[in-house]
Amino acid sequence: MSLTRSIHTWSSARIGTVSEQLVPLMKPGAVVLTLDPAAAYAGLLFARDDVHYACAHPCHPSVFLERTTKEEWQDTFGGIAAPQEVVAAYEGGDAGKQALADSVIRVMCAPVVDVHWVTVKQLAVLEPTLVETIACMVGALLTEALHETVHTVGVPEKAARAMLLGHTQVALANTLKGSNPFSDACLIAMDYGRESIVRDDWKKVFDDAELDKVITRMLKIKEIKRQPY
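Residues numbered from 1 in each chain as written. Predicted model: local features only at pLDDT ≥ 70, side-chain atom pairs only at ≥ 80, totals over all residues. Heavy atoms only, no water.

A. The packing of helix 6 (residues 120-153) against helix 9 (residues 208-219), seen in detail. Put simply, helix 6 and helix 9 touch, their axes get as near as 11 Å, and they point 75 degrees apart. Judged on the interaxial angle alone, helix 9 and helix 6 are roughly perpendicular. Within the contact between the two elements, helix 6 uses Lys121, Ala124, Val125, Pro128, Thr129, Glu132 and Thr133 and helix 9 uses Asp208, Leu211, Val214, Ile215 and Met218. The residue inventory of the contact of helix 6 with helix 9, partitioned by class, reads seven nonpolar, two polar and three charged. (Axes fitted to C-alpha atoms, helices over the stretch in contact; angles between N-to-C directions. Helix = DSSP H or I, 4+ residues; strand = E, 2+ residues; numbered from the N terminus. Parallel < 35°, antiparallel > 145°, perpendicular 65-115°, else oblique. Contact = heavy atoms within 4.5 Å. Nonpolar A, V, L, I, M, F, W, Y, C, P; charged D, E, K, R; others polar.)

Written as C-alpha cells, this is what we have:
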C-alpha cells in the first residue's frame, strides 16, 4: 500500500486530536505537513507560532494521463506507478520552508508531475467542493444510472456498461478538452438532462457559507475556527 493511500485512510475528524499530541513535541521551525484540506481550513490543527503548517493533497492520476505500462494502467489512485499532480497550500511566507515541503511532497506522492501552490481556502474549494461535492457525486450518479438501466429497464449489463464507459470518456474529452463537438441531437438531450436532474441554483456550492456547511458536516464539528495556516 502506498504512503498516500495509507494517509488517506485517516479520519479527518481525528487530525485535531493527533496534532494536539504531536505538534507540541516538534522542534521550533519544523513544518507540519497534513493531507486533508478540510481540517486545515476548519482550523482543527493544534497551533504553534514557532512551527510552519502546510497541506498537500494528491490529484490522483489524470483520466487523460498517457499511460504506457500495465502498472500505470492499474494504478488509478496514484503513488505507485502512474504520475500524478499535487495541489498544496502554505501561507507562512518562508520560501525555504515551502521548498522543503515541496521536496517532501514529491517523495511522499511519487511519481509526481508537478506541485501547484494555492491558498488554504482555494485548496478547500478544490476538495471538497470541486472534486467531492461535484465530481465524485457525478461518478456515483453514473453508477446509479447504470443500475437503473440494467435492473429497471432491463438492458443487458455488459452492453450498458460498455456503452456508458466508452461514452463517459468521450463526454469528458469533449467537454474538458474540446476534442470533438457534440451533435445537435446530443446537445438537445444534454439540455433535457440538465433541466431534469440539475438544480438551477447548484452553483451556490461555491459560496463561502456552503463550503463551511459541507466541511462542518464532513468533520462532524459545530463550526469553522478561523486561524492562520
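B. Just helix 6, in detail. The sharpest bend along helix 6 comes to roughly 35 degrees, located at valine 131. Among the residues making up helix 6, those that are buried are Val120, Leu123, Ala124, Glu127, Pro128, Thr129, Leu146 and Val150. On its buried face, helix 6 is in contact with helix 3 (37-42), strand 2 (52-58), strand 3 (84-90), strand 4 (112-118), helix 7 (157-177) and helix 9. One or two steps after helix 6, the chain reaches glycine 154, where phi turns positive at roughly 100 degrees. (Bend = angle between axes of the 7 residues up to and from the residue. Buried < 20%, exposed > 50% of the residue type's maximum accessible area, 1.4 Å probe, protein only.)

C. Inspection of a nonpolar patch on the surface at higher detail. Taken together, the side chains of Leu126, Leu130, Val131, Met137, Val138, Leu141, Leu142, Ile197, Val198, Trp202 and Phe206 present a nonpolar region at the surface, about 840 Å² in accessible area. It is helix 6 that provides the largest number of residues to the nonpolar patch, a total of seven residues. For leucine 141, the location among the structural elements is in helix 6. On the basis of relative accessibility, which here comes to 36%, the residue leucine 141 falls in the partly exposed class. (Patch = residues over 30% accessible without salt bridge, like charges linked within 9 Å, V, L, I, M, F, W, Y side chains within 5 Å. Areas by Shrake-Rupley, 256 points an atom, 1.4 Å probe, with all protein chains shown as cover. Salt bridge = Lys/Arg side-chain N within 4 Å of Asp/Glu carboxyl O.)

D. Representation of the packing of aromatic side chains within the structure. A full pass over the atoms with the stated rule returns one aromatic pair. Relative to phenylalanine 206, the ring of tryptophan 202 lies with its centre 6.4 Å away and its plane at 70 degrees, an arrangement referred to as edge-to-face. Under the relative-accessibility criterion, tryptophan 202 is labelled partly exposed at 30%. The ring centre of phenylalanine 64 lies 4.9 Å from the NZ or CZ of lysine 177, which sits over that ring. (Phe/Tyr/Trp six-rings, centres within 6.5 Å; stacked < 30°, edge-to-face > 60°. Lys NZ or Arg CZ within 6 Å of the ring centre and 35° of its normal.)

E. Broad picture of the pattern of salt bridges. On inspection of all chains with the given rule, the structure shows eight salt bridges. Residue lysine 121 is joined to aspartate 208 by a salt bridge in which the shortest nitrogen-to-oxygen separation is 2.7 Å. Pair noted here: lysine 121 is in helix 6 and aspartate 208 is in helix 9, with a separation of 87 residues, a long-range link. Residue aspartate 208 is classed as partly exposed on the basis of its relative accessible area of 42%. In this structure, lysine 213 engages glutamate 210 in a salt bridge whose closest nitrogen and oxygen atoms are separated by 3.4 Å. With lysine 213 and glutamate 210 both in helix 9, this residue pair falls three residues apart, about one helical turn.

F. Representation of the packing of helix 6 against helix 7. Contact geometry for helix 6 and helix 7: axes closest at 9 Å, N-to-C directions at 150 degrees. It follows that helix 6 is roughly antiparallel to helix 7 by the angle criterion. The two elements helix 6 and helix 7 meet at a crossing, and its hand is right-handed. Facing helix 6, whose interface residues are Leu142, Leu146, Thr149 and Val150, helix 7 presents Glu157, Ala160, Arg161, Leu164 and Thr168. Here the residues of the contact of helix 6 with helix 7 are counted per class, giving five nonpolar, two polar and two charged. (Left-handed = near helix turned anticlockwise from the far one by under 90°.)

G. Region of the structure containing the environment of arginine 161. With respect to the helices, strands and loops of the structure, arginine 161 is situated in helix 7. According to the relative accessible area criterion, arginine 161 is partly exposed, its value standing at 39%. Along the sequence, arginine 161 and glycine 79 sit 82 residues apart, while their C-alpha atoms lie 28 Å from each other.

H. Region of the structure containing the pairing of strand 3. The buried fraction of strand 3 is high, at six of seven residues. Alignment of strand 2 against strand 3, held across five bridges, turns out to be antiparallel. Considered in strand 3, the bridge of histidine 57 is made with valine 87. One ladder, built from five bridges, connects strand 3 with strand 4; its direction is parallel. Bridge pairing links valine 87 to histidine 116 in strand 4. (Pairing = 2+ DSSP bridges.)

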